[in-house]
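# Architecture and fold: a report
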Amino acid sequence: MAQLTANGIRLEYDEHGDPSNPPLLLIMGLGAQMTLWPIEFVEGLAARGFRVIRFDNRDIGLSHKFEGAKAPSLPWQVLRAKIGWPAKVPYTLSDMAADAVGVLDALGIERAHIVGASMGGMIAQLVAIEHADRVLSLTSIFSTTGDSKLPQAEKSAISALTAPIKSMEEESLVAHGINVVTHIGSPGYPFDPEKQRERVLAAIRRSVYPPGLPRQLAAIIDDGDRTARLTNVTAPTLVLHGEDDPLVKVEGGRATAAAIPGAKLKTIPGWGHDLPLALVDQIADEIADHAGAVSVPA
């Protein structure tokens, strides 16, 4: 792994596959390091003919931290948004989309296939909206439009994701991580407890940074409803979503596909809000088929 300067900050990134292949940028979700993209998935995309790039978003993992920046309280921010008085946030989702474009700039990449999961899907949508000339194709994975009228997350899922860290002791952090996966994961593709523990432990030993999550969450709320903006997306778009996602309900994926002209929608029964190894090949095939159908300018 290495670092680059993008949009004025330092971001951690890595690459897989032949550098001469079409570039594919992976954008991860809320409070999640780039390593949450399973290496089996990353290498699977590389084997399917892509130069795969993933990076830690700002305020997570080994990328730049906005130490001391205060995020507005969640209830206060929601209230202000409802009455049309946006709260001041440390940074926006558009800033994070500019980070993603900055990664491409730093690597000398003119255009790329953009793939985002959850909050990363929202960021990827904004890349396609605000930086259309940099996008070969868009894939939005278990994400949404931001329309507050859509079905909301199950209480147990959002509670697990936003639960405060009780202790920085390793075993406590592992228990927290396992609890999150248990409440947002795929009911049709249950995880292997020992393998999942290994993955959680590896993530913890790489980086733990709880203060970033509320700032990223504030950026999500601040961005609001993208439905009208999504009608301007011109990139060929694929929307992937689990039919049993407890965190971002499948209606969010359906709404995303409905908003983007010509978008294709693929839903998978039993899939929740994770990337189970049993689905890695299917998801990689869907993305590779979609991106591979797009002609890459010489």
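These numbers come from a predicted model, not from an experiment.

What counts, and where the lines are drawn
Residues numbered from 1 in each chain as written. Predicted model: local features only at pLDDT ≥ 70, side-chain atom pairs only at ≥ 80, totals over all residues. Heavy atoms only, no water. Helix = DSSP H or I, 4+ residues; strand = E, 2+ residues; numbered from the N terminus. Rg over C-alpha atoms; globule rule 2.2 N^0.38 Å. Buried < 20%, exposed > 50% of the residue type's maximum accessible area, 1.4 Å probe, protein only. Contact = heavy atoms within 4.5 Å. Areas by Shrake-Rupley, 256 points an atom, 1.4 Å probe, with all protein chains shown as cover. Pairing = 2+ DSSP bridges. Axes fitted to C-alpha atoms, helices over the stretch in contact; angles between N-to-C directions. Expected span 1.5 Å × (residues − 1). Phe/Tyr/Trp six-rings, centres within 6.5 Å; stacked < 30°, edge-to-face > 60°. Lys NZ or Arg CZ within 6 Å of the ring centre and 35° of its normal. Salt bridge = Lys/Arg side-chain N within 4 Å of Asp/Glu carboxyl O. Patch = residues over 30% accessible without salt bridge, like charges linked within 9 Å, V, L, I, M, F, W, Y side chains within 5 Å. Polar contact = N/O pair within 3.5 Å; in protein donor to acceptor, adjacent residues only side chain to side chain.

Here the focus is the overall build of the protein. Assigned secondary structure in the protein consists of 11 helices and 8 strands. Scaling as 2.2 N^0.38, a compact globule of 298 residues should have a C-alpha radius of gyration of about 19 Å, and the protein matches this with 18 Å. For the C-alpha atoms alone, the extent of the protein along its principal axes is close to 50 × 45 × 40 Å. Burial status across the protein gives 51% buried among its 298 residues. In the protein, the proportion of contacts linking residues at least 24 apart, taken out of those at least 6 apart, comes to 78%. A total accessible area of about 12900 Å² is found for the protein, and carbon and sulfur atoms account for 55% of it.

The next thing to look at is the sheet that holds strand β8 (residues 264-268). The 8 strands are arranged β1-β2-β4-β3-β5-β6-β7-β8 in an open sheet whose pairing can be described as mixed. Single-partner strands in this sheet number two, and they are β1 (2-6) and β8. The average undirected angle you get between the axes of adjacent strands in this sheet is 25°. The pairing of strand β5 (residues 112-117) with strand β6 (residues 135-141) spans 6 bridges and is parallel.

Once that is clear, we can look at helix α11 (residues 280-292). Relative to the 18 Å expected for 13 residues at 1.5 Å per residue, α11 spans 17 Å between its end C-alpha atoms, a close match to the ideal helical length. At its buried positions, α11 is contacted by β3 (23-27), α1 (39-47), β5, β6, β7 (237-242) and β8.

A separate point is the packing of aromatic side chains. Per the stated rule, a full pass over the model turns up 3 aromatic pairs. Note on Phe 66 and Tyr 91: the rings are 5.0 Å apart at their centroids and 50° apart in plane angle, and the pair reads as tilted. Placement of the pair is Phe 66 in the loop between β4 (51-55) and α2 (74-82) and Tyr 91 in the loop between α2 and α3 (93-106), with a sequence separation of 25 residues. The ring of Tyr 91 is capped by Arg 58, whose NZ or CZ atom sits 5.0 Å from the centre of that ring.

Attention now moves to the pattern of salt bridges. Summed over all chains, the structure comprises 13 salt bridges. Put simply, Asp 56 and Arg 206 hold a salt bridge, and the shortest N to O gap is 2.9 Å. In this pair, Asp 56 sits in the loop between β4 and α2 while Arg 206 sits in helix α7 (residues 193-206), placing the two residues 150 residues apart along the sequence. Each of the two residues, Asp 56 as well as Arg 206, counts as buried. The residue Arg 205 makes a salt bridge to Glu 170 at a minimum N-O spacing of 2.9 Å. Of this pair, Arg 205 sits in helix α7 while Glu 170 sits in helix α6 (residues 170-184); the two residues are 35 residues apart in sequence, bridging distant segments of the chain. Here Arg 205 falls in the exposed class, since its relative accessible area comes to 57%. Of the residues examined, Glu 170 reaches a relative accessible area of 31% and is grouped as partly exposed. If you follow the salt bridges from partner to partner, you end up with Arg 48, Asp 281 and Asp 285 in one network.

When you line up the elements, Ser 20 lands in the loop between β2 (9-16) and β3. In the structure, Ser 20 is positioned 18 residues away from Pro 38 in sequence and 23 Å away in space, judged by C-alpha atoms.

Moving on, we get to a nonpolar patch on the surface. Together, Trp 76, Leu 79, Ile 83 and Trp 85 make up a nonpolar patch on the protein surface, roughly 470 Å² of accessible area in all. For Trp 85, a relative accessible area of 55% corresponds to the exposed category.

Our next topic: the pairing of β1. Each regular strand displays side chains that alternate between the two surfaces of the sheet. By the bridge criterion, 5 bridges tie β1 to β2 in an arrangement that is antiparallel. Within the sheet, the bridge partner assigned to Ala 2 lies in β2 and is Tyr 13. Here β1 hands over to β2 after 2 residues, with Asn 7 in that stretch at a positive phi of 55°.

Here we come to α7. Over its 14 residues, α7 runs 20 Å from end to end, which matches the ideal 20 Å to within 8%, given 1.5 Å per residue. Along α7, the positions that sit buried rather than exposed are Gln 196, Val 200, Leu 201, Ile 204 and Arg 206. Among the residues of α7, the N-terminal cap falls to Asp 192, whose side-chain oxygen and the backbone nitrogen of Glu 194 are separated by 3.1 Å.

Everything listed here is a matter of coordinates, which is why it stays silent on function.
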